[in-house]
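Chain by chain, the residues:
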There are 2 protein chains.
Amino acid sequence: MDSTTDMIEQAEPEARNAVKGAQTLMRALDILDEVIAGPIKTVEIARKLGMSKTTAHRLAHALKSRDYLSITPDGFALGPKLLQLGAMAESQTDLVRLARPLLEVLSSETGFCSFAGQREGDWSRHLDRVNGRQRLRVATIPGDVRPIAETGLGKALLLDEGEETWRRLYVASRNGRVTESEVQRWIAHMREFKVRQVVDHDSELGDGVHSIAAPVRNAKGRIVMAISIAGATQYYQGEDAGQLAGKVARSAREISALAGYAG
Amino acid sequence: MDSTTDMIEQAEPEARNAVKGAQTLMRALDILDEVIAGPIKTVEIARKLGMSKTTAHRLAHALKSRDYLSITPDGFALGPKLLQLGAMAESQTDLVRLARPLLEVLSSETGFCSFAGQREGDWSRHLDRVNGRQRLRVATIPGDVRPIAETGLGKALLLDEGEETWRRLYVASRNGRVTESEVQRWIAHMREFKVRQVVDHDSELGDGVHSIAAPVRNAKGRIVMAISIAGATQYYQGEDAGQLAGKVARSAREISALAGYAG
DNA sequence: CTATGCGTTCCGGTATATGAAACAAGTGGT
DNA sequence: ACCACTTGTTTCATATACCGGAACGCATAG
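Draft legend 1. A look at the packing of helix α1 (residues 23-36) of chain B against helix α2 (residues 42-49) of chain B. All names here are of chain B. Between α1 and α2, the shortest axis-to-axis distance is 11 Å and the interhelical angle comes to 115°. Taken as axis vectors, α1 and α2 run roughly perpendicular relative to one another. Crossing geometry of α1 relative to α2 is assigned as right-handed. Residues D30, I31 and E34 of α1 touch α2, and the partners they reach there are I45, K48 and L49. The residue makeup of the contact of α1 with α2, split by class, is 3 nonpolar, no polar and 3 charged.

The structure is reproduced here in structure tokens:
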């Protein structure tokens, strides 16, 4: 590298305004961003984005001429073209493929195996796995199906469910052989997982497997997948539990962003 | 108006290229349109749209920097931002409100009452009505629910269903009091309606009501609503049946476009 | 090694986008 | 009736944002 850059590492992660030579386009997209929040008038657009009334008018109407915006009594609103594009993007988007690179990073950073899976009724299906660097590996392979309350991945898929559902699925996973106090403890844990949006799971099968999982949300905010890292309990010795959980959660958020989640 | 315009009615309905002063934006949206068809490389974009490699590169990357496009091994694909915009547009879109103006045109052009409704299981619910100019009016009001096989609107909602479903719903609507040959005749009619994407319906209740209905599709191509015109049988005397059907079908297609349907 | 295809960067000239200003049209207040 | 105010629309001279040609980097292939 050249000597002027190694003094201060410009941390700026190459933001939106990095691209030059497309001012008009960028401004138009800024307008779209404003309209996302709800119908908005020309003057308000100009004010918020610091452009002249003229420009706001011209660009908004250009977008309208292409059906990206529509005109309502309350000003501009999102147009039908976006419905079409959204539907097409959805059909072109393969969540597992999108998640793959993130899972690889997760495994290489943590050393654990990482997984992706989705809900199928009362079951969770594993869709993808990336191996870590550890000698002992969780055996689960893509395609495997497990009772949803029995795995960390499954619990992450359940975070938006009500407590009655939690109870039902937990009891089912234990074949009904469970005391009320066990159920209460389990639900209390789920509450905490829900707040943190991360699941910490110790297998109740006594096989010494521990996993950390987090939900992935789509553009509508629905949980459509979950990812996890998993490995033998002893591998967690000496690891910073909070940091591991943070990494899983961050990866899940990144995948969510790729899936169009805005929140 | 001024005297220069009344000679030749410029039929041009103000196309996309009408808007001036947004070349960059328009070209970028052209690129999006190309990507809809599937992943595409920079050079291919430039070739198809007749722009320089440089420009295609710059605009595509500008769109990518805003997540409207993503980069795949096969070139540019639709990006996550479109998932978000699509979901938001969907939540902002009220089909009934969109359909209203079209229903009003339909009624004023034909004189008949017009209706909009959607499917609820084995029933069809009327959501909106616009009165025509006729003395005799169909009594149906918004909120009314009817067996789905019993109305023109309902049949339009069923056009994408299989023949077994048609049979089941027809038999149910007749409380089982129906011969096999009647069923066959009914299904034969439905087949024809499906081809024409227009339903011609004579009430089997013997109340002298006739209706013409057509399905409305959303961005994913699913039938999500239907519209119809209805009135006493005698009002259809002297009307061109094909022309009426055409008007209903065209209105339905226009509403579908507002709902993001591309086909 | 040359050839070919694609992505990327650079740069000068000009088509193009910009904002000020004025106009149009509606709303509400006095 | 008039004015004050708001929002949408059009016009226009100017500055600059955008364009395309050219050249470079980097593959893959013959």
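Okay, back to it.
Draft legend 2. Region of interest: helix α5 (residues 95-110) of chain B. Residue and element names in this part refer to chain B. For α5, built from 16 residues, the straight-helix expectation of 22 Å at 1.5 Å per residue is met to within 8% by its first-to-last C-alpha distance of 22 Å. Where α5 bends most, the angle comes to about 30°, and this point is P101. In the core, the buried residues of α5 are packed alongside β3 (113-120), β4 (123-130), β8 (223-232) and α9 (241-258). Looking at where α5 begins, the residue whose side-chain oxygen comes 3.1 Å from the main-chain nitrogen of V96 is D94.

Draft legend 3. The side chain of K247 of chain A, seen in detail. Residues and elements named next belong to chain A. As for its position among the elements, K247 is in helix α9 (residues 241-258). Buried and without a salt bridge, K247 has E109 as its closest oppositely charged side chain, separated by 4.0 Å. Residue contacts for K247: discarding those within four places in its chain leaves L106, E109 and T110.

Draft legend 4. How the structure looks around the sheet that holds β4 of chain B. All names here are of chain B. The 6 strands are arranged β5-β4-β3-β8-β7-β6 in an open sheet whose pairing can be described as antiparallel. Looking at which strands have only one partner, the edges of the open sheet turn out to be β5 (145-147) and β6 (199-202). Between one strand and the next, the sheet's axes are offset by a mean angle of 30°, whatever the strand orientation. Bridge analysis of β3 against β8 gives 5 bridges, and the strand direction is antiparallel. Note that in β8 the partner of C113 across the bridge is A230. Contacting β7 (209-217) and β8, α9 runs over the sheet at an angle of about 30° to β7.

Draft legend 5. Here's a closer look at the packing of aromatic side chains. Residue and element names in this part refer to chain A. Applying the stated rule across the entire model yields 4 aromatic pairs over all chains. Between F112 and Y236, the ring centres sit 4.5 Å apart and the planes meet at 35°, which makes this aromatic pair tilted. In this pair, F112 is assigned in the loop between α5 (95-110) and β3 (113-120) and Y236 in the loop between β8 (223-232) and α9, connecting sequence segments 124 residues apart. This pair shows no difference in class: F112 is buried, exactly as Y236 is.

Draft legend 6. Local environment of the protein's contact with DNA strand C. In the region of DNA strand C, 19 residues are neighbours, and T54, T55 and R58 of chain A together with Q23 and H61 of chain B sit closest. The sugar-phosphate portion of DNA strand C accounts for 67% of its atoms within 4 Å of the protein, the bases making up the rest. In the model, a phosphate oxygen of DNA strand C is placed 3.4 Å from a nitrogen or oxygen of the R27 of chain A side chain. Contacts to DNA strand C include S52 of chain A, whose side-chain N or O atom sits 3.0 Å from a phosphate oxygen. A per-class count over the surface near DNA strand C returns 2 nonpolar, 12 polar and 5 charged.

Draft legend 7. Here's a closer look at the protein's contact with DNA strand D. Around DNA strand D, 18 residues are found, and the nearest of them are Q23, T24 and H61 of chain A together with T55 and R58 of chain B. Sugar and phosphate atoms represent 69% of those atoms of DNA strand D found within 4 Å of the protein. The contact in question runs from a phosphate oxygen of DNA strand D to an N or O atom on the backbone of Q23 of chain A, over 2.5 Å. A distance of 2.9 Å separates a phosphate oxygen of DNA strand D from a polar side-chain atom of H57 of chain A. Contributing elements (two or more residues each) for the surface near DNA strand D: α1 (23-36), α2 (42-49) and α3 (53-65) of chain A together with α1 and α3 (53-65) of chain B. Here the surface near DNA strand D takes 4 residues from α3 of chain A, the largest share from any one element. Per-class residue counts for the surface near DNA strand D are 2 nonpolar, 12 polar and 4 charged.

Analysis parameters
Residues numbered from 1 in each chain as written. Chains lettered and ligands numbered in written order. Predicted model: local features only at pLDDT ≥ 70, side-chain atom pairs only at ≥ 80, totals over all residues. Heavy atoms only, no water. Axes fitted to C-alpha atoms, helices over the stretch in contact; angles between N-to-C directions. Helix = DSSP H or I, 4+ residues; strand = E, 2+ residues; numbered from the N terminus. Parallel < 35°, antiparallel > 145°, perpendicular 65-115°, else oblique. Left-handed = near helix turned anticlockwise from the far one by under 90°. Contact = heavy atoms within 4.5 Å. Nonpolar A, V, L, I, M, F, W, Y, C, P; charged D, E, K, R; others polar. Expected span 1.5 Å × (residues − 1). Bend = angle between axes of the 7 residues up to and from the residue. Polar contact = N/O pair within 3.5 Å; in protein donor to acceptor, adjacent residues only side chain to side chain. Buried < 20%, exposed > 50% of the residue type's maximum accessible area, 1.4 Å probe, protein only. Lys, Arg positive; Asp, Glu negative; His and termini not counted. Salt bridge = Lys/Arg side-chain N within 4 Å of Asp/Glu carboxyl O. Pairing = 2+ DSSP bridges. Phe/Tyr/Trp six-rings, centres within 6.5 Å; stacked < 30°, edge-to-face > 60°. Near = heavy atom within 4 Å.

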